[in-house]
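Structure assessment
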Amino acid sequence: DLRLLLERRSDAVVPALRRLVRQADRPEVQVVALHTLGALGGGLDGRTLTRALADRDARVRAVAARLAGLSLVQGLRSGETPRHAVGVEAQIPKALMALVKDPDPRARLEVALALQCVPDNDLRERALSTLTVTSTNRWLLLAAASSTRSTNAPWLARLREPIPARRAVPAP
């Protein structure tokens, strides 16, 4: 039972959950394993996250991006160095950067939101610029705007453009 697993916060299940993220045949199983690792606290490590960020399924990549952002925030709150950590954890911002051209819009949206947690200003702004260069998706642009610390990024001007009016569709 997942509820009992989370209530007990047993570290004994962490290796099995990490294995599910890596080896499960169904993306739904990988997603639940990722969320469970995230909820357990210290169970979600940089190696598991970077692998999930490169998964073949867009749902897994999107969840991994969201959890990567949370992981970066937790690292910064715990007093770790601004680069977040050494070793594999230091690769999380770079793994997020690799997803800015992901073909899946949900994965790109999660990356845009997670980028606000990347402590490296240059990397974050480069990723946001790449992410938004051709986007016309207003939600993605708003997510990127919430992640930037720049006030003069060229792509921000597109947010001031009027939203095209939708034609009313008569009710049947």
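I will try to describe carefully the structure that is included in this document. (Residues numbered from 1 in each chain as written. Predicted model: local features only at pLDDT ≥ 70, side-chain atom pairs only at ≥ 80, totals over all residues. Heavy atoms only, no water.)

On to the environment of Ser 135. Mapping Ser 135 onto the fold places it in the loop between helix 8 (121-132) and helix 9 (138-147). As for Ser 135 and Trp 155, which are separated by 20 residues in sequence, their C-alpha atoms are 9.3 Å apart. Ignoring sequence-local partners within four residues, the contact set of Ser 135 consists of Leu 140, Leu 141 and Arg 158. In this structure the side chain of Ser 135 is engaged in a polar contact, spanning 3.1 Å, whose partner is the backbone nitrogen of Asn 137. (Helix = DSSP H or I, 4+ residues; strand = E, 2+ residues; numbered from the N terminus. Contact = heavy atoms within 4.5 Å. Polar contact = N/O pair within 3.5 Å; in protein donor to acceptor, adjacent residues only side chain to side chain.)

A cluster of basic side chains, namely Arg 19, Arg 22, Arg 47 and Arg 51, defines a positive patch on the protein surface. Broken down by secondary-structure element, the contributors of at least two residues to the positive patch are helix 2 (14-23) and helix 4 (46-53). Structurally, Arg 22 is set in helix 2. (Patch = residues over 30% accessible without salt bridge, like charges linked within 9 Å, V, L, I, M, F, W, Y side chains within 5 Å. Areas by Shrake-Rupley, 256 points an atom, 1.4 Å probe, with all protein chains shown as cover. Salt bridge = Lys/Arg side-chain N within 4 Å of Asp/Glu carboxyl O. Lys, Arg positive; Asp, Glu negative; His and termini not counted. Charge placed at Lys NZ, Arg CZ, Asp CG, Glu CD.)

Here the focus is the environment of Val 111. Here Val 111 shows up in helix 7 (residues 105-114). Taking relative accessible area as the criterion, Val 111 reaches 0% and is therefore assigned buried. Along the chain, Val 111 and Ala 127 lie 16 residues apart, while their C-alpha atoms are 9.3 Å from each other. Excluding anything up to four places from it in sequence, Val 111 contacts Ala 65, Leu 96, Leu 99 and Val 100. (Buried < 20%, exposed > 50% of the residue type's maximum accessible area, 1.4 Å probe, protein only.)

All quantities given are derived from atomic positions and should not be read as evidence of function.
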